[in-house]
Amino acid sequence: MSSNQNFVIIGAGHAGGRAAQAMRAAGFEGRIVLIGEEPYEPYERPPLSKELLATDQGLEKARLHERAWYEEQEIELLTGNAAVKLDTGGREVELADGARVTYHRLLLTTGARVRKLPVPGADLPGVHYLRNFDDTLAIRAALKPGARLVVIGGGFIGLECAASARGRGCEVSVLEMADRLMGRAVAPEIGHHFEALHRGRGVDVRLGVKILRIEGAGKVERVILEGADPLAADLVVVGIGILPNAELASDAGIAADNGITVDAFGRTSDKHVFAAGDVANQPSDFLGRRVRLESYQNAQDQAAAVARNMLGEAQTPYQDGLWVWSDQYDTNLQMLGQPDDYDALVFRGDPGAGAFSVFYMKGRKIVAVNTVNSGRDMGASKRLLASGRDFDPAQLADLAVKLIKLAKG
Ligand SMILES: Cc1cc2nc3c(=O)[nH]c(=O)nc-3n(C[C@H](O)[C@H](O)[C@H](O)COP(=O)(O)OP(=O)(O)OC[C@H]3O[C@@H](n4cnc5c(N)ncnc54)[C@H](O)[C@@H]3O)c2cc1C
């Protein structure tokens, strides 16, 4: 690819940062402009609800690279400046400060934003969301010992936040409207396991809850529930999902439906524009349908694959491995595959002992795997799942049978 080419990346998050790195690593010598609306160098988000909330560490824990690295690599990192308009005809991006940047090829890694809680009082000071480092700073400043935290949403982010807050000595309630925790991601049995974990750590977990409004004089003081007493709160953290930042693309006429529509190479409906990470809605051979993933691994690997595809004609299709994790207290949960269509669970190990794995079976095929404090099973599980073969549930459950042996067939 000629060195007078001009590549622009919008979204200086995890995917954007890794994409810029991959372009240089693949030998691209042209101009790279990496545009981000946050004031920081690209960083990884998983620590925001874990180490960075539980401790007072700084962003160095999560940054992909120091600023000097971008200078060395001749990557023009424009932070604190959002892209506000995309002109695909003129191949030009307009920035919030009025500057215009032209491109030969454009990569959109604009990620996602939090879904807002649609009840009165949700905009009161003291009601927080958790998506970026500034959110973490604001929340942790309020997590004083004895502070009453109400978490709305029993998904990963809310539960990690609850665990970090308990570590800081806060009183924590978790409110979930469904009848179980992490309902979109894991089987009820795993949700119940984590419910017991949080209750055991003193968290007031409430399921099937309907929130009517949030009240307070100038700041949050209580959460009003249907059919229950008001719940006093010094702060509220809402974690009820995210929405893809696809409007920059769709307003410019690029196809989008629950994220920016891309093919396996990261190409959008505009031949000069690509997308990757949380904002991209991509085909999955394993699932047999399109999927928009919200995962570290996808941000990291899809971005790098698409960056390489942008460089030339030699194309590598990307297929995500569908793997995510969550850390709550000292418990590590890893999830592989998609557990939405299974007919039996096979347990390997004793849930009562706190370390076990679960295979989600459809007939004799594995469709998903969870490991709970047994991450050592994950490497072999990835091979078992990818093989698409039939497996004997009794062998999967038998701790005397090594998973890696089964994977080798
Ligand atoms: C608190 C938290 C914990 C997480 N924990 C885990 C975990 O344990 N395991 C896991 O697998 N995944 C986890 N994730 C998910 C993972 O971090 C995301 O999937 C990943 O960050 C997605 O990367 P991305 O680059 O696509 O988007 P982002 O990281 O969201 O980056 C997008 C960037 O683009 C910027 N941007 C958006 N629009 C514009 C614009 N118009 N102009 C300029 N810049 C723009 C945004 O400000 C942002 O900086 C977690 C996420 C969060 C928030």
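Up top is the structure these notes are about.
Residues numbered from 1 in each chain as written. Predicted model: local features only at pLDDT ≥ 70, side-chain atom pairs only at ≥ 80, totals over all residues. Heavy atoms only, no water.

Draft legend 1. Geometry of the sheet that holds strand β20 (residues 280–284). Spatially, β18-β20-β21 is the arrangement adopted by the 3 strands of the open sheet, whose pairing is mixed. Of all the strands in the sheet, just β18 (260–261) and β21 (289–292) have a single pairing partner and so form its edges. With 4 bridges connecting them, β20 and β21 associate as antiparallel partners. The partner of P283 across the bridge, within β21, is R290. (Pairing = 2+ DSSP bridges. Helix = DSSP H or I, 4+ residues; strand = E, 2+ residues; numbered from the N terminus.)

Draft legend 2. Broad picture of the environment of L243. By secondary structure assignment, the location of L243 is in strand β17 (residues 242–244). For the pair L243 and R113, spaced 130 residues apart in sequence, the C-alpha to C-alpha distance is 5.4 Å. Not counting chain neighbours up to four residues away, the residues in contact with L243 comprise A112, R113 and R115. (Contact = heavy atoms within 4.5 Å.)

Draft legend 3. Local environment of the site of the ligand. Close to the ligand lie 32 residues, the nearest being E38, R45, K50, R131 and D278. Within the backbone of H14, an N or O atom sits 3.3 Å from an oxygen atom of the ligand. One of the backbone N or O atoms of A83 is found 2.9 Å from a nitrogen atom in the ligand. Isolated, the ligand exposes 1000 Å² of accessible area, and the fraction of that covered by the protein chains is 94%. For the shell around the ligand, the elements supplying multiple residues, two or more each, are α1 (14–25), α8 (296–311) and β22 (323–328). For the shell around the ligand, the class distribution of residues is 14 nonpolar, 11 polar and 7 charged. (Near = heavy atom within 4 Å. Polar contact = N/O pair within 3.5 Å; in protein donor to acceptor, adjacent residues only side chain to side chain. Areas by Shrake-Rupley, 256 points an atom, 1.4 Å probe, with all protein chains shown as cover. Nonpolar A, V, L, I, M, F, W, Y, C, P; charged D, E, K, R; others polar.)

Draft legend 4. Representation of the sheet that holds strand β16 (residues 235–238) in the model. Reading across the sheet, the 5 strands line up as β9-β16-β10-β11-β12 and stay open at both edges, with parallel pairing between neighbours. Lying at the two open borders of the sheet, with one neighbouring strand each, are β9 (127–129) and β12 (204–207). With direction set aside, neighbouring strand axes in the sheet form an average angle of 20 degrees. Looking at chain direction, strand β10 (residues 148–152) and strand β11 (residues 171–176) are connected through 5 bridges and run parallel. Directly across from L149, in β11, lies its bridge partner V172. Contacts from helix α4 (residues 133–142) reach β9 and β16 within the one sheet, and its direction differs from that of β9 by about 140 degrees. (Axes fitted to C-alpha atoms, helices over the stretch in contact; angles between N-to-C directions.)

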